[in-house]
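Geometric and topological summary
This is what each chain is made of:
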Amino acid sequence: MHRDVKKIIGDIKSLKIQGARNVAKAALGGLAIAAKNSKAKTASAFYKEMRETADLLSLSRPTEPMMRNLLDEGLHFIEQRMKQMDISGLAKLIVNHEEETVKKMDDDAKHLAQYGAKLIPDNALVLTHCHSSTSTKILIEAKKMRKKFSVVAFETRPRYQGRVTADELARTGIDVTLAVDGAMHLFMKKADIVIVGADSVTSRGDLINKIGTATLAHIAKSNDVSFYSAAELSKYSPMTIFGTREKIEERDPKEVWDRAPKKVKIRNPAFEATSAKYINGYITEIGVIPPESFFAMATQKLGIKLYE
Ligand code: RUB
């Protein structure tokens with residue numbers, strides 16, 4: 001495997017690259033590097049190499065359907081044209097797919113940010129969790145619209161992605177406060193809206209996102225505060241059509257407590273599911289939609305045909 005692809009896999013695993021969009025973009029870049037540097041002699045050997053590389057990239061974070069969907073889309077293109085094209089043509093398809101997809105992702109994120117920003121009431125207190133580049137885009141867009149609001153970002157133990165959010169927002173001039181995860185209830189009492197990101201959305205419209213998200217959603221519901229997730233349609237997890245659950249990544253216990261006493265058991269689930277019934281809507285590139293519609297809109301966008 002090319003050393004740059006290995007580095008991308010390492011950076012995703014260690015969270016140097018984090019968040020579903022950034023991970024998906026980096027993985028597409030990794031596949032393009034593998035395609036450009038392939039030494040395969042036949043189209044089928046090239047396809048096999050690309051499939052193996054895509055599988056290894058996908059395994060770097062198991063709870064990331066956006067990465068899996070977009071890598072699969074690239075592979076689908078070469079599978080369809082394997083008989084008509086030579087290897088350099090097939091490699092070009094992968095490289096073009098990466099460039100076009102990243103551009104589409106950026107365009108989608110712009111639309112999504114505009115829809116999301118409109119949801120923020122003037123003088124609102126917005127709560128957010130972890131670091132979602134999609135959610136921060138919404139907040140930055142709201143600031144551009146000259147809305148007045150403040151944000152509380154929860155720090156997100158054990159890897160403190162909330163600090164990344166707080167730092168990014170503060171740099172753009174947004175009034176932001178960082179608080180410990182245990183303060184969610186306390187701040188909810190004064191909040192107007194919660195906006196978090198999404199790693200995966202299931203066929204039932206349930207959300208898989210950073211651990212702590214479900215707590216935030218439950219508290220929002222009991223305080224009558226609107227709860228939204230910023231999720232491009234490509235975050236839909238197709239395997240959930242048949243009832244298969246999205247796998248929840250469990251990370252190294254050392255992230256929670258390095259050198260813990262031997263008899264203390266430690267769990268470190270990175271994500272969790274939040275039921276659709278706690279979610280007012282998904283902020284997507286086509287508008288704000290109820291959780292029940294995500295499945296239909298996403299399968300249409302991804303071209304998934306169920307009844308063939
Ligand atoms: C990040 C996280 C984010 C989503 C969405 O978890 O849960 O909310 O990935 O991010 P981690 P984005 O830090 O473990 O990757 O909006 O950037 O796609």
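These figures come from a predicted structure and were not determined experimentally. (Residues numbered from 1 in each chain as written. Predicted model: local features only at pLDDT ≥ 70, side-chain atom pairs only at ≥ 80, totals over all residues. Heavy atoms only, no water.)

Okay, the overall build of the protein chain next. When helices and strands are tallied, the protein chain shows 10 helices and 10 strands. Expected size for 308 residues packed as a compact globule is a radius of gyration near 19 Å; at 20 Å, the protein chain falls within 12% of this value. Principal-axis analysis of the C-alpha atoms places the extent of the protein chain at approximately 65 × 50 × 40 Å. Expressed as a percentage of the 308 residues in the protein chain, the buried residues total 52%. For the protein chain, restricting intrachain contacts to residue pairs at least 6 apart in sequence, the fraction spanning at least 24 positions comes to 74%. For the protein chain, the exposed surface amounts to about 15300 Å²; the carbon and sulfur share of it is 52%. (Helix = DSSP H or I, 4+ residues; strand = E, 2+ residues; numbered from the N terminus. Rg over C-alpha atoms; globule rule 2.2 N^0.38 Å. Buried < 20%, exposed > 50% of the residue type's maximum accessible area, 1.4 Å probe, protein only. Contact = heavy atoms within 4.5 Å. Areas by Shrake-Rupley, 256 points an atom, 1.4 Å probe, with all protein chains shown as cover.)

This paragraph deals with the packing of aromatic side chains. Summed over the entire model, instances satisfying the criterion amount to 3 aromatic pairs. Between the aromatic rings of Tyr-236 and Phe-295, the centroid separation amounts to 6.0 Å while the plane-to-plane angle is 65°, which identifies the pairing as edge-to-face. With Tyr-236 in the loop between strand E7 (226-230) and strand E8 (271-274) and Phe-295 in helix H10 (residues 291-302), this residue pair connects regions lying 59 residues apart in the sequence. With a relative accessible area of 23%, Phe-295 lands in the partly exposed category. Above the ring of Phe-271, the side-chain terminus of Lys-210 is found at 4.7 Å from the ring centroid. (Phe/Tyr/Trp six-rings, centres within 6.5 Å; stacked < 30°, edge-to-face > 60°. Lys NZ or Arg CZ within 6 Å of the ring centre and 35° of its normal.)

Taken together, the 7 strands give an open sheet; going across it, the order is E3-E2-E1-E4-E7-E9-E10, and neighbouring strands pair in mixed fashion. With one partner strand each, in any of the chains shown, strand E3 (175-179) and strand E10 (287-289) form the two edges of the open sheet. In this sheet, adjacent strand axes meet at a mean angle of 25° when their direction is disregarded. Here 3 bridges tie strand E9 (residues 281-284) to E10, and the two strands are oriented antiparallel to one another. (Pairing = 2+ DSSP bridges. Axes fitted to C-alpha atoms, helices over the stretch in contact; angles between N-to-C directions.)

Strand order in the open sheet formed by 3 strands is E5-E6-E8, with antiparallel pairing between adjacent strands. Both edges of this open sheet fall to strand E5 (200-201) and E8, since each of them pairs with a single strand only. Note that E5 and strand E6 (residues 207-210) share 2 bridges and pair antiparallel. Across the sheet, the residue bridging to Val-201 is Leu-207, located in E6.

Our next topic: the domain arrangement of the protein chain. Looking at the protein chain, the domain boundaries give domain 1 (3-106) and domain 2 (118-302). Of note, the centres of domain 1 and domain 2, computed from C-alpha atoms alone, are 27 Å apart. Listed as interface residues are 16 residues of domain 1 and, on the opposing side, 26 residues of domain 2. When the two sides are added together, the surface that domain 1 and domain 2 hide from each other amounts to roughly 1700 Å², 47% of it contributed by carbon and sulfur. Here domain 1 is connected to domain 2 by 3 salt bridges. A salt bridge links Glu-246 to Arg-68; its shortest N-O distance comes to 3.1 Å. Counting across the interface, domain 1 meets domain 2 through 10 residue pairs in polar contact (both at pLDDT 80 or more). Only helix H2 (20-36) and helix H4 (65-81) provide two or more residues apiece to the side of domain 1 that touches domain 2. Top element by residues in the side of domain 1 that touches domain 2 is H4. It accounts for 5 residues. (Domains from an automatic or database assignment. Buried area = accessible area lost by both parts, 1.4 Å probe. Salt bridge = Lys/Arg side-chain N within 4 Å of Asp/Glu carboxyl O. Polar contact = N/O pair within 3.5 Å; in protein donor to acceptor, adjacent residues only side chain to side chain.)

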